[in-house]
Amino acid sequence: FARPGRIYIVPTRDGLIFFGVNFALFLIGLVYANNMTLLISFVLIIYIIFIMFQTHNILSQAELPSIQTINNFANQFNIKLMDINQYIELSYQTPESSYQFIRLNEDHKAIFYGDKISRGYYTDGRFKFFTTGRYKLFYVWSYQVQSKPLAIYPSPLHTQEIDFNITQNTKYEGAGDFAYHKPYNDGMNAKRIDWKAYARSNQLFAKFYEQEISRGLNIVYSKLIGTHEERLSKMSYLIQYAQKKQTPFKIELPKQQLAINQGEAHGQKCLILLSKEAYEY
């Protein structure tokens, strides 16, 4: 396992051909005592050494940015790096796989797209910065170990399997227009008791109001149709749907669940939970 931060360099295929041709010229010059051939060989040696240092310096003199954890969807994953040399490329490696990024340049930043990275929660990977420079005679690379876990969410899959439920929003308890009665139970606020209803029926009823009622979205794995990954992708889509509609939602997976809530932090917790889900049952 290579050391993070150390720079490595080897000749490329074209570099090896260059070395071979130059060595052949050197032997011909020696065998036939041809000074011009020996001079050309010497010049080529100086040239290849110059190219080697130039390619090495692309990484050694670059200020490689620290890559923070990027949470994104499997088919949209990207990393943005500012002011990075135009010849530097990027890949991500885990003990099981290696993923190559596609680089696109925009103004003073480079966007690296990794749309082939599989859903998962990666904790022991590393980023590889590499280059072959302008002349592609040497391959230079260096590693940067990820500092935080990398969560890759399931790719959203559109579905109309939407399951709404009615939940109580205690933030608006006792406010607004009357909605309905429920039998009064111990633990409920005594201010909810409808004494007029008690006078009529001799039973205690609690009053609930319109502003207390919010429509929530149940995102339940077992109620969705499809393969394991398709169900997770549909859950990923429904989480985005609920966030866009600003609707409270909860998720239920075969072995764990998150209670109903809303907001960006809740959505991220749910998506991370999906990224950690087992690959099959």
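Rules used throughout
Along each chain, residue indices are assigned from 1 in the same order as the chain's sequence is written. With pLDDT at 70 or above as the cut-off, local features in this predicted model cover only qualifying residues; side-chain atom pairs require 80 or more to be listed or tallied, and sums for whole chains, interfaces and linings still use all residues. Side-chain measures here rest on the full set of heavy atoms in the structure, leaving out hydrogens and waters. Between any two strands, at least two bridges found by DSSP are needed for them to pair. Strands are runs of DSSP state E lasting at least two residues, helices are runs of H or I lasting at least four, and both sets are numbered from the N terminus onward. We call two residues in contact when some of their heavy atoms are within 4.5 Å. The angle between two axes is taken between their N-to-C directions and runs from 0 to 180 degrees, where each axis is a line fitted to C-alpha atoms and a helix contributes only its stretch in contact. Patches draw on residues past 30% relative accessible area with no salt bridge. Two like charges within 9 Å are joined, as are two nonpolar side chains (Val, Leu, Ile, Met, Phe, Trp, Tyr) within 5 Å. Per-residue and other accessible areas were derived by the Shrake-Rupley procedure at a 1.4 Å probe size, with only the shown protein chains allowed to occlude residues. Here, a salt bridge means any Lys or Arg side-chain nitrogen found within 4 Å of an Asp or Glu carboxyl oxygen. Only protein chains enter the area calculation, which uses a 1.4 Å probe; residues under 20% of their type maximum are buried, those over 50% are exposed, and those in between are partly exposed. What sets the label is the angle itself: under 35 degrees gives roughly parallel, over 145 gives roughly antiparallel, 65 to 115 gives roughly perpendicular, and the rest give oblique. Put simply, a crossing is left-handed when the front helix is turned counterclockwise from the back one by less than a right angle, and right-handed when it is turned clockwise. Ten residue types, Ala, Val, Leu, Ile, Met, Phe, Trp, Tyr, Cys and Pro, are classed as nonpolar, four, Asp, Glu, Lys and Arg, as charged, and the remainder, Gly among them, as polar. Two rings from Phe, Tyr or Trp (for Trp, the six-membered ring) form a pair when their centres are within 6.5 Å of each other. A pair whose planes differ by under 30 degrees is stacked, one over 60 is edge-to-face, and the rest are tilted.

Engineer: Just give me the short version of the sheet that holds strand E11 (residues 150-153), but keep the residues and values in it.
Structural biologist: Strand order across the open sheet formed by 3 strands is E2-E11-E8, with mixed pairing between neighbours. Single-partner strands in this sheet number two, and they are strand E2 (72-73) and strand E8 (120-122). Note: E8 against E11, 3 bridges, orientation antiparallel. What sits directly across from Gly120, in E11, is Ile152. Across the sheet, helix H5 (residues 264-276) touches E2, E8 and E11, and the angle it forms with E11 is around 90°.

Engineer: So what's going on with a nonpolar patch on the surface? Which residues, and what values?
Structural biologist: A surface patch of nonpolar side chains, about 740 Å² in accessible area, is lined by Phe23, Phe26, Leu27, Ile28, Leu30, Val31 and Tyr32. With respect to the helices, strands and loops of the structure, Val31 is situated in helix H1 (residues 13-31). Judged by its relative accessible area of 64%, Val31 falls in the exposed class.

Engineer: I'd like a description of the packing of H1 against helix H2 (residues 35-60), backed by residues and values.
Structural biologist: Interaxial distance between H1 and H2 falls to 8 Å at its minimum, and their mutual angle equals 150°. Comparing the axis directions of H1 and H2 gives the class roughly antiparallel. Crossing hand, H1 versus H2: left-handed. Together, Phe18, Phe19, Asn22, Leu25, Phe26, Ile28, Gly29 and Leu30 of H1 and Thr37, Leu38, Ile40, Ser41, Leu44, Ile45, Tyr47 and Ile48 of H2 make up the contact between the two elements. Of the residues assigned to the contact of H1 with H2, the class counts are 12 nonpolar, 4 polar and no charged.

Engineer: Explain the packing of aromatic side chains residue by residue, including any values.
Structural biologist: Within a pair of aromatic rings, the relevant descriptors are the distance that separates the centres and the angle that separates the planes. Enumeration over the complete set of coordinates arrives at 12 aromatic pairs. Taking 5.3 Å as the distance between ring centres and 70° as the angle between the ring planes, the aromatic pair formed by Phe73 and Tyr153 counts as edge-to-face. Of this pair, Phe73 sits in strand E2 while Tyr153 sits in strand E11, and the two are 80 residues apart along the sequence. There is no split in this pair, since Phe73 and Tyr153 are both buried. Each ring, one from Phe77 and one from Phe101, has its centre 5.8 Å from the other, and the planes form 45°; the classification is tilted. With Phe77 in the loop between E2 and strand E3 (78-82) and Phe101 in the loop between strand E5 (98-100) and strand E6 (102-106), the pair connects residues that are 24 residues apart, well separated along the chain. For Phe77, a relative accessible area of 0% gives the class buried. Phe101 gets classed as buried once you look at its relative accessible area, which sits at 2%. Pairwise contacts between aromatic rings join Tyr8, Phe130, Tyr139 and Trp141 into one cluster.

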